[in-house]
Amino acid sequence: MSNTPTTRLRDMLDIAQDEMIMRDRIADILEQGPRTIPEISQALGYPTREVTVWLFGMRRYSMVEEIGRADMDGYFQYELKKQSDPA
Amino acid sequence: MTLNTEKRPPLDYDVMIVGAGVAGMEAAASMGDMGYRVLLVEKNASIGGRAILLSKVFPTLDCASCVVTPKMASVSHHPNVQLMTYSEIDGISRKADGSFDVALHRKAAYVDFDACTGCGKCAEICTVTVPDQYNYDLVTRRIAHIPFPQAVPKKSVITRRGEAPCTFTCPGNVKASGYVSLVRAGRYKEAFNLHLENAPLVGSLSRACYAPCESDCTRGEKEGTLHIRGIKRFMADRYYAEHPEPEYGPVENRLDTRVAIVGSGPAGLSAAFYLARQGHQVTIFEAEKEPGGMLRTAIPAYRLPEDVVDRDIKNVTALGVDIKTGYRITSLPELKQQGFNATLIATGASDENGLDIDGHDLEGVMGCMHFLHEVNIGKLPDVKNKIVMVIGGGNSAMDPARAAIRMGAGKVMINYRRGRKEMPAHDWEIEGAADEGVELMLMSAPIRFIGLNGKLVAVECISMELGEPDESGRRRPIPVKGSERVISVDMAILAIGLLPSTAHFPADMKNGKGLLLSDPQTLQTSDPDVFACGDCVTAPTMIINAIAQGRRAAFYMDRHLKGESLNVPFDGVIEKTDKSIVLEEARHFVERQPVQQPMLSIDERRKTFECYEQPMTEAEARQEAQRCMNCGECSQCMECVSVCAPQCIDFAQKPIPLSLNVGTVVMSTGFGILNPATKPLLGYDKFADVISGPQMDRLLAPTRPYNAVLRPSDGKEPESIAFVLCVGSRDHTVCNPLCCRIGCMYSMKQAQLAMGALPMADITIYTIDVRAFGKGYNEFYEQSKSMGIEFVKGKVARIEQLGNGNLALHYEDMLGKGGRNIREHDLVVLTVGFLPNTNALALYKGSELAADDFGYVREIDPISEPTRTNVDGLFVAGTAIGVMDIPDTVLHSGAAAAQAAAYLERMRGR
Ligand SMILES: Cc1cc2nc3c(=O)[nH]c(=O)nc-3n(C[C@H](O)[C@H](O)[C@H](O)COP(=O)(O)OP(=O)(O)OC[C@H]3O[C@@H](n4cnc5c(N)ncnc54)[C@H](O)[C@@H]3O)c2cc1C
Ligand code: SF4
Ligand code: SF4
Ligand code: SF4
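Residues numbered from 1 in each chain as written. Chains lettered and ligands numbered in written order. Predicted model: local features only at pLDDT ≥ 70, side-chain atom pairs only at ≥ 80, totals over all residues. Heavy atoms only, no water.

Remarks on the site of ligand 3
Close contacts around ligand 3 come from Cys126, Val128, Ala144, Ile158, Cys634, Ser635, Gln636, Cys637, Met638, Cys640 and Phe651 of chain B, and that covers them all. Along the lines of polarity and charge, the residues of the shell around ligand 3 split into 9 nonpolar, 2 polar and no charged. (Near = heavy atom within 4 Å. Nonpolar A, V, L, I, M, F, W, Y, C, P; charged D, E, K, R; others polar.)

In structure tokens, the structure reads:
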């Protein structure tokens, strides 16, 4: 019944160091419209856990925000935050 | 007890309190209210300790911020309390008079706290991302960071572990880690501009630098060094394609001072650039027809194309630097007469060492500089189908050999008198030459050039063997008698060393080898108005050495011209990062193979002077930059400096050491948290949805890392949450027999909060027994049960992941049917045990500060004199004696304040 992976989770520092590249790729995906984490993960080709780290890094620095409430499956959709007009 | 109170010098502070969590803040406020002068020292960048990171507090469910922030505000504004955050104690010792001497230092934050407004812009733009310890690694933060939103003081700090090895090793200290970090972040223009701060000839370096940075790159000790020069090539090509002309002109504040620079090689150009940036009027005198020195005359186009040199030089001339070519300076006084206030000699080392053997003046025997010069100005010497012998084993032998191959030579050989191992040329140069068909003739030296009708036709060579080491440390080659042989050769190119081009300068300015004598620090010569730098001072080295010398000379010349002292250090380079720390941290990193730099095929290389290294694509350059491990923590990309409006970022900051005398000390250094991975069967480091209690508190806090209470594995709202109590507490297998005292209560708190946040979720607490001993605590337990939280009396032994991603808890059911059981959940919280902060014990340098059996600071008489330690006058407050909740912590620190006050009064003889 169980299928326990014997490997460790990918090191958090290693994931963190990818954020600067991944946020641009995630932004490109969100450019096409709001997405949930599993949807971003599929488009990006990286695991949902790693996408979670990068996406919330982006949210922390005001690049993305969530929309409304979680869907029936418990996932939120995220969209690019409209940057305030510099003018 | 009696205290020697005679002749006591005034104290700096009545009391020093170490650690500004709840306990430290409470004790500080109490003693401040009593009128004592309090110093409150905190090692972190903010006060507040662990409690400020909590969601709410049991059993009242008051918001933790509402409980803790008023305390933070009160100590930070208290007239009698001096806060010293981001500071560490180096040692505390007790004096005979009963007071304490303290050595401590304020860590370098690289931010001027007085000026910082806490706007957070530096963090927003910072290019280095690390796990956020204030969110227990659930999310990332930047290297420039304000610890958390309610931080006091709300100031940014930047962490630096040292200079990144790449940057440190670069002779020009070009911030390789910085531009790699910027390329990774997609900020190419900023990367280019950062490079200009240390070296203006970005394109030339991107093609022809020998890249010492790469040889010291930490990633080299894993899958292979970063191709830093390849990344630079991408960024320079990209910038030059987008900016055919520099984006700037001469500086606005032009000064009257005039500087003459003799020589337009990398040293002269670099000095001109930095001097012109300071506003000086700079003229470069160059003997050749075109500027660039060796960049133009020596390095073949297949390594460094001329248009790249031209564009690099525009970086210098755009500042208004005037380059007079075809103008050989033969007298320094002449320049003074022309009105130059200072002169820099940067004439390089391009004179050739001859080989004084028979036939050296035959047609067909020439120096490598002469050969390369002809090649580079397009007067290609005719080597088609000829046999070419290059004599020498350094990098300057590789260039003519590889150029001759491209010009269609029939055969090219490199004749070197030592072995392959001893060849001074870079391995990759030798391999590149060999790939292109250059033959190595090792352990061999020419003894005679043989001519016919004045033209070279053969070289007589002799075999060598290696004897004892010479003064250079390399083994001395010795001719082998009787091994002479004659080899047919049409052209011999001598690459046996270059001499400084200093013939026109006075003998008293030179040493026996003709090198100019200048002060190694300031590069000033015996004539204060004359400076000298580059290969004419150092002997032939590398482009980047010459550029570095040029920038150094500019720095001191600028000061000299402005009448300022030259007795100041040049660059703010700090110590090199200890690579072993970086490697240890990266031991579990996923493997990342280097991106292969695209190359022309060997066949193509043999036919053309086109660059054999092809540029990386944008994706390749970023992928390669992604391999960087941020060795120094801060990458020195300088982005924060560019956005900080009050200009408070200061990388010249150093730690500030202080020595103080205080009347009494209160240690309130708190507790540590057990790493849940020490219980491997519970899967903390295997399953993302197995988290720790402190992490759950963050998920539930208003300043939470996510937008809601979500699973870290995929951002889903959990439907079924399990709390597993006593993980690593009351547990001899991890040497922690203590009950953590708060785990049951904080888990019930979290369970209640989770219920509020996720009304549909099932919540189960696995417990051996519930310990709810304080006032109102049992009621809290009853309330939890009545809310629908299920309590399972059972010890969880193992956690596994199911095919659907959920977690299976294997536990022993101690009630109900009994026996082994399995239940499925989608988020598991491990209520972890706590640890003593043993660092606290080491701070006291006198006799020993005694610990209890578990490693916490020992109270010698907890019943009648709580908070007293075995060191008279040194008290302990809060969880430093063992974990307790906030109300108990407050109570205990009140006791510590009273004890410390009594001690001070006794010391004063009252
Ligand atoms: C997950 C979790 C949930 C909790 N929930 C609750 C709750 O709901 N209700 C409740 O009452 N309690 C709760 N607690 C307990 C509460 O956090 C503690 O009671 C409280 O933080 C203790 O305060 P303290 O000052 O003793 O220690 P700490 O908060 O640990 O503060 C110690 C301070 O000392 C600093 N320091 C350490 N060494 C040095 C040094 N050498 N020099 C200078 N500074 C130093 C540290 O950086 C820190 O700022 C919880 C704890 C955890 C972990
Ligand atoms: S940008 Fe400057 S003022 Fe703003 S937080 Fe950073 S250091 Fe402080
Ligand atoms: S220099 Fe760059 S990496 Fe360092 S703190 Fe500033 S922005 Fe971050
Ligand atoms: S890993 Fe990055 S910071 Fe470290 S030496 Fe290499 S390039 Fe420099």
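Anyway, onward from the coordinates.
Quick notes on the pairing of strand 28 (residues 656-667) of chain B
Residue and element names in this part refer to chain B. Looking at chain direction, strand 1 (residues 13-18) and strand 28 are connected through 5 bridges and run parallel. Directly across from Tyr13, in strand 28, lies its bridge partner Val662. Bridge count for strand 7 (residues 100-106) against strand 28 is 7 bridges, and the pairing is antiparallel. Of the residues in strand 28, the one forming a bridge with Ala103 is Ser659. As paired strands, strand 28 and strand 38 (residues 874-876) are joined by 3 bridges and run parallel to one another. In the strand pairing of strand 38, Val666 is matched with Phe875. (Pairing = 2+ DSSP bridges. Helix = DSSP H or I, 4+ residues; strand = E, 2+ residues; numbered from the N terminus.)

A word on unusual backbone geometry
All names here are of chain B. A cis amide bond links Phe58 to the next residue, Pro59, at an omega of -10 degrees. Structurally, the position occupied by Pro59 is in the loop between strand 3 (56-57) and strand 4 (62-63). Following Val152, the chain continues to Pro153 via a peptide bond in cis, the omega torsion being 0 degrees. Even without a glycine there, the phi angle at Asp137 is positive, about 65 degrees.

Digging into the sheet that holds strand 14 (residues 322-324) of chain B
Adjacent strands of a sheet pair through backbone hydrogen bonds, lying either parallel or antiparallel. Residues and elements named next belong to chain B. Overall, parallel pairing links the 5 strands, which are arranged 14-13-12-15-27 in an open sheet. Sheet topology places strand 14 and strand 27 (530-532) at the edges, where each strand pairs with a single neighbour. The mean angle between the axes of side-by-side strands here comes to 20 degrees, regardless of whether they run parallel or antiparallel. Lying over the sheet, helix 10 (residues 266-277) contacts strand 12 (258-262), strand 13 (281-285), strand 14 and strand 15 (342-345), oriented at roughly 170 degrees with respect to strand 13. The strands that helix 18 (residues 543-561) touches are strand 12, strand 15 and strand 27; relative to strand 15, the one it contacts most, it runs at about 165 degrees. (Axes fitted to C-alpha atoms, helices over the stretch in contact; angles between N-to-C directions. Contact = heavy atoms within 4.5 Å.)

Focus: the packing of aromatic side chains
Counted under the stated rule, the structure contains 25 aromatic pairs over all chains. Taking the centre distance of 6.0 Å and the plane angle of 55 degrees together, the rings of Phe773 of chain B and Tyr777 of chain B count as tilted. The exposure class assigned to Phe773 of chain B is partly exposed, which follows from its relative accessible area of 47%. Residue Tyr777 of chain B is classed as buried on the basis of its relative accessible area of 5%. Aromatic pair Tyr781 of chain B and Phe791 of chain B: ring centres 5.0 Å apart, planes at 75 degrees, arrangement edge-to-face. Within this pair, whereas Tyr781 of chain B is found in helix 25 (residues 777-786), its partner Phe791 of chain B is found in strand 33 (residues 790-801), the two being separated by 10 residues in sequence. Residue classification places Phe791 of chain B among the buried residues on the basis of a relative accessible area of 19%. Connected via pairs of aromatic rings, a cluster forms that spans Phe56 and Tyr78 of chain A together with Tyr706 of chain B. The ring of Tyr302 of chain B has Arg406 of chain B sitting right over it, with the charged end atom 3.8 Å from the ring centre. In this structure, Arg605 of chain B packs its charged tip against the face of Tyr612 of chain B, placed 5.2 Å from the ring centre. (Phe/Tyr/Trp six-rings, centres within 6.5 Å; stacked < 30°, edge-to-face > 60°. Buried < 20%, exposed > 50% of the residue type's maximum accessible area, 1.4 Å probe, protein only. Lys NZ or Arg CZ within 6 Å of the ring centre and 35° of its normal.)

Structural notes on the site of ligand 1
All names here are of chain B. Around ligand 1 sit 37 residues, and of these Glu42, Arg50, Thr879, Met884 and Ile886 come closest. Here an oxygen atom of ligand 1 and a backbone polar atom of Val22 are 3.1 Å apart. In the model, an oxygen atom of ligand 1 is placed 2.9 Å from a nitrogen or oxygen of the Ala23 main chain. For the shell around ligand 1, the secondary structure elements donating two or more residues are helix 1 (22-33), strand 3, helix 23 (693-700), helix 24 (743-757) and helix 27 (886-907). (Polar contact = N/O pair within 3.5 Å; in protein donor to acceptor, adjacent residues only side chain to side chain.)

Describing the interface of chain B and chain A
Between chain B and chain A, the residue contacts involve 53 residues of the former and 41 residues of the latter. In total, about 4100 Å² of surface goes out of reach between chain B and chain A, with carbon and sulfur atoms giving 54% of it. At the boundary of chain B and chain A, one finds 6 salt bridges. Between Asp685 of chain B and Arg8 of chain A there is a salt bridge whose closest N-O contact spans 3.6 Å. Counting across the chain B and chain A interface gives 16 residue pairs in polar contact (both at pLDDT 80 or more). Partitioned by chemical class, the residues of the side of chain B that touches chain A number 23 nonpolar, 13 polar and 17 charged. (Buried area = accessible area lost by both parts, 1.4 Å probe. Salt bridge = Lys/Arg side-chain N within 4 Å of Asp/Glu carboxyl O.)

Focus on the sheet that holds strand 19 (residues 411-415) of chain B
All names here are of chain B. Ordered in space as 17-25-18-19-20, the 5 strands form an open sheet in which the pairing is parallel. With partners counted over all chains shown, the strands left at the sheet margins are strand 17 (365-367) and strand 20 (439-441), one partner each. The mean inter-strand angle of the sheet, taken between neighbouring strand axes irrespective of direction, is 25 degrees. Both strand 18 (residues 387-391) and strand 25 (residues 491-494) contribute to a ladder of 4 bridges, which runs parallel. For Val390, the partnering residue across the bridge sits in strand 25 and is Ile493. Lying on the sheet, helix 14 (residues 368-376) is in contact with strand 17 and strand 25; it crosses strand 17 at an angle near 85 degrees. Sitting on the sheet, helix 15 (residues 395-406) touches strand 18, strand 19 and strand 25, and the angle it makes with strand 19 is about 170 degrees.

A closer look at the confidence of the model for chain B
Confidence in the prediction of chain B, expressed as mean pLDDT, is 95, and 99% of residues score 70 or more. For this predicted complex, the interface confidence score (ipTM) comes to 0.94, while the overall pTM stands at 0.92. (pLDDT = per-residue confidence, 0-100.)

Looking at the packing of helix 2 (residues 19-31) of chain A against helix 3 (residues 37-44) of chain A
Residues and elements named next belong to chain A. Contact pair helix 2 / helix 3: the axes reach a minimum separation of 10 Å and the direction vectors enclose 110 degrees. By the angle between their axes, helix 2 is roughly perpendicular relative to helix 3. Together, Met22, Arg25, Ile26, Ile29 and Leu30 of helix 2 and Ile40, Ala43 and Leu44 of helix 3 make up the contact between the two elements. For the contact of helix 2 with helix 3, the per-class residue count stands at 7 nonpolar, no polar and 1 charged. (Parallel < 35°, antiparallel > 145°, perpendicular 65-115°, else oblique.)

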